[in-house]
Amino acid sequence: MSAQAHNQLPDDFFFGAALSGPQTEGMWQAQGKLENLWDLWSNQDIRAFHNRVGSYAGNDMGARYEQDFALFHDLGLSSCRTSIQWSRLMDADGQLNPEGAAFYHKLFAAAREAGVEVFVNLYHFDMPAYLFRRGGWESREAIEAYASYARAAFAEFGQEIEHWFTFNEPIVEPEQRYEHGTWYPFVRDFARARCVQYGISLAHSLAVGAFRELQASGVVRPDAKIGLINCFAPPYTREDPSEADLEAVRMTDGLCNRWWLDLVTKGALPADVMETLAERGVTMPVRPGDDAILAQGVVDWLGFNYYQPRRVQAPAQDIDEYGNPCFADPYVWKDAVMNKSRGWEIYPKGIYDFAMTMTRDYPDLEWFVSENGIGIEEDRAARTADGAIDDTAYRVPFVRDHLRWIARAIDEGARCRGYHYWGVIDCWSWNNAYKNRYGFVEVDLTHDYERRLKASASWLREVTATHVIA
Ligand code: FCB
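Quick look at the structure, then. All of these numbers come straight from a predicted model, not from anything done at the bench. (Residues numbered from 1 in each chain as written. Predicted model: local features only at pLDDT ≥ 70, side-chain atom pairs only at ≥ 80, totals over all residues. Heavy atoms only, no water.)

Here's the deal with the sheet that holds strand E6 (residues 235-236)
Put simply, the test is: A pair of strands counts as paired when DSSP detects no fewer than two bridges linking them. In DSSP terms, a helix is any run of H or I states spanning at least four residues, a strand is any run of E spanning at least two, and both are numbered starting from the N terminus.
Taken in spatial order, the 3 strands line up as E6-E8-E9 in an open sheet, and their pairing is mixed. Each edge of the sheet is formed by a strand with only one pairing partner; in this case those strands are E6 and strand E9 (329-330). Pairing of strand E8 (residues 310-313) with E9 involves 2 bridges; the strand directions are antiparallel. Residue glutamine 313 lies in a different strand from E9, and its bridge partner there is aspartate 329.

Structure follows, in structure tokens:
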């Protein structure tokens, strides 16, 4: 089974760039911006970041956005998604920061002028540090503060912005910060991770509720839509699975995928997952009225970030060394093709498999691929004698294969409306900083963040112009 024959995307299929405020803007101490979690961690231990490059610089987009929007337009991209930084838009009293607001008004206006529509996401792993210190997503204060920030953003930009998202990858903070202990504050506590996940679900739902209310009263434009973006990874297991392997798949799918899919289509969390969690002693900090809050979480459409599948099998032990219940162990597939720079498996068919699952189980849901991309260590091997980067040998096949599987899913009924490539212009990647480069456009750190097209850019321009996946 392949997607070779599917090389045409619909005429109204859109192409764009995915980015985020903290990874691009820079200006971390300008305009009254507060310290966020990344600034806090960078200040505390700069050695945790590749080449000691912390959160400070982004990719200098704050100073170069006009040029960047022109580049997107030149590449045939009609939209880009970025995030507002909560720590820039709001002050420490929870009031709008006028300087921050002025920056985003200018940013959005410049995009419009360049013919690029901005999709606005409200949260990309970047809580203001003071709220984290008060308990982060485990505290109702932070959840309420997020809702009030979202309300302020809708009120401020409600006439300008058509596409809104509450969160990017809400599964990542519970996992990275609270379960695997890889990101600040390095916690390894499964139950706390789920409470964080629950808190984010409430925050998402409160924001959607505020959006609906402000749209009904005319503050938000009538054609505006709201959604959620998550990295949905289809779970796979061994070819000849045991009952226990299938159970590992059910819980992985339940926690990472269905949790969010049910929330945004049904306004509730999946009952089977909550039951299994409760049986293992993991309960949510539920308060009276929470069900009504979650019921507001139903969205207009969804963003699907896809980089890699999850391969799981039955866990070798019931409880890990930290006392956490285990639901699945990783499963290493012998045929896996790896992106060695990032350590992520490359499996383009996963995008199709998950698309078809959504088509079957959530047939009314519209969606788009909100992130997909390949980060290669400094594009090093691709640097030619004249200094240009010829990345066509890997970036083009990566994107081509994923687009063909998307085309096939659409041909078979999937309601996928577009594709945003992650980065387009190289940017800062959390701990990896500038190690892995994703862009069709290079950012030269040795020449003041100068932008330069990589060879793959002409291929992208061709595809966005013709919608033929050559
Ligand atoms: C995703 C994140 C994004 C970026 C890409 C490479 O998980 O949403 O911010 O870092 O990975």
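Things to note about the pairing of strand E7 (residues 301-305)
Selection criterion: Between buried and exposed lies partly exposed: a residue is buried under 20% and exposed over 50% of the maximum accessible area for its type, with that area taken using a 1.4 Å probe on protein chains only.
Summarising burial for E7: 5 of the 5 residues are buried, a large majority. Strand direction decides the pairing type here: strand E5 (residues 225-231) and E7, joined by 5 bridges, are parallel. Residue pairing in the sheet places isoleucine 229 in a bridge with glycine 303 of E7. The sheet contact formed by E7 and strand E12 (residues 366-371) spans 5 bridges and is parallel. Residue pairing across strands places phenylalanine 304 opposite valine 369, the latter belonging to E12.

Overview of the site of the ligand
This is how the line gets drawn: Proximity criterion: a residue is near a molecule or strand once any of its heavy atoms comes within 4 Å of it. Here a polar contact is taken to be a pair of N or O atoms separated by no more than 3.5 Å, where protein atoms must pair a possible hydrogen donor with a possible acceptor and residues adjacent in sequence count only if both atoms sit in side chains. Here the accessible surface of atoms and residues is derived via Shrake-Rupley with a 1.4 Å probe, and residues count as covered only by protein chains that are part of the display. Residues are sorted three ways: Asp, Glu, Lys and Arg are charged, Ala, Val, Leu, Ile, Met, Phe, Trp, Tyr, Cys and Pro are nonpolar, and all the rest, Gly among them, are polar.
Around the ligand, the structure places Gln23, His124, Asn168, Glu169, Tyr307, Glu371, Trp422, Trp430 and Tyr438. Here an oxygen atom of the ligand and a side-chain polar atom of histidine 124 are 2.8 Å apart. For the ligand, whose unbound accessible area comes to 290 Å², protein coverage reaches 91%. Partitioning the shell around the ligand into residue classes produces 4 nonpolar, 3 polar and 2 charged.

Details of the side chain of glutamate 169
Note the cut-off: Under the counting rule used here, the positive set is Lys and Arg, the negative set is Asp and Glu, and His together with the chain ends is not counted. Salt bridge, as applied in this entry: a Lys or Arg side-chain nitrogen positioned within 4 Å of an Asp or Glu carboxyl oxygen.
Mapped onto the secondary structure, glutamate 169 falls in the loop between strand E4 (163-168) and helix H8 (172-179). Look at glutamate 169: it is buried, it has no salt bridge, and the nearest opposite charge is arginine 81 at 6.6 Å. At 2.9 Å, the side chain of glutamate 169 and the side chain of asparagine 305 are in polar contact.

Thoughts on the packing of aromatic side chains
Just so we agree on the cut-off: To pair, rings of Phe, Tyr and Trp, with the six-membered ring standing in for Trp, must have centres within 6.5 Å; the planes then decide the type, stacked if under 30 degrees apart, edge-to-face if over 60, and tilted in the middle.
The full count for this structure, using the stated rule, is 56 aromatic pairs. With a centroid separation of 6.4 Å and an interplanar angle of 90°, the aromatic rings of tyrosine 123 and tyrosine 146 are classed as edge-to-face. Taken together, the residues tyrosine 123 in the loop between strand E3 (117-121) and helix H6 (129-133) and tyrosine 146 in helix H7 (residues 140-157) connect sequence positions 23 residues apart. Like tyrosine 146, tyrosine 123 is buried. With a centroid separation of 5.0 Å and an interplanar angle of 50°, the aromatic rings of phenylalanine 304 and phenylalanine 354 are classed as tilted. You can see phenylalanine 304 sitting in strand E7 and its partner phenylalanine 354 sitting in helix H13 (residues 349-361), a full 50 residues away along the chain. One exposure class covers both phenylalanine 304 and phenylalanine 354, and it is buried.

A look at the nonpolar core
Soluble globular proteins tend to bury their nonpolar side chains together. To be explicit about the condition: In this description, a nonpolar core means a group of buried Ala, Val, Leu, Ile, Met, Phe, Trp, Tyr and Cys residues linked to one another through side-chain atoms lying within 4.5 Å.
Grouped together as the largest cluster of nonpolar side chains are 149 residues, with contacts concentrated most on Phe69, Trp137, Tyr146 and Trp164. With 13 residues, helix H9 (residues 190-216) is the single largest residue contributor to this core.

Overview of the sheet that holds E4
Inclusion rule: For helices, the fitted axis covers only the stretch in contact; all axes are lines through C-alpha atoms, and the angles between them, taken along N-to-C directions, range from 0 to 180 degrees. Whether two residues are in contact is decided by their heavy atoms: any pair within 4.5 Å suffices.
Reading around the circumference, E1-E2-E3-E4-E5-E7-E12-E14 is the order of the 8 strands in this closed barrel, with parallel pairing throughout. Taking the axes of each pair of neighbouring strands and ignoring which way they run, one obtains an average angle of 30° across the sheet. Across the sheet, helix H10 (residues 243-266) touches E5 and E7, and the angle it forms with E5 is around 175°.

Side note on the environment of alanine 5
On the secondary structure map, alanine 5 appears in the segment before strand E1 (14-18). Residue classification places alanine 5 among the exposed positions, given a relative accessible area of 69%. The spatial distance from the C-alpha of alanine 5 to the C-alpha of tyrosine 307 is 22 Å, given a sequence separation of 302 residues.

None of the figures reported here should be taken as evidence of function without further support.
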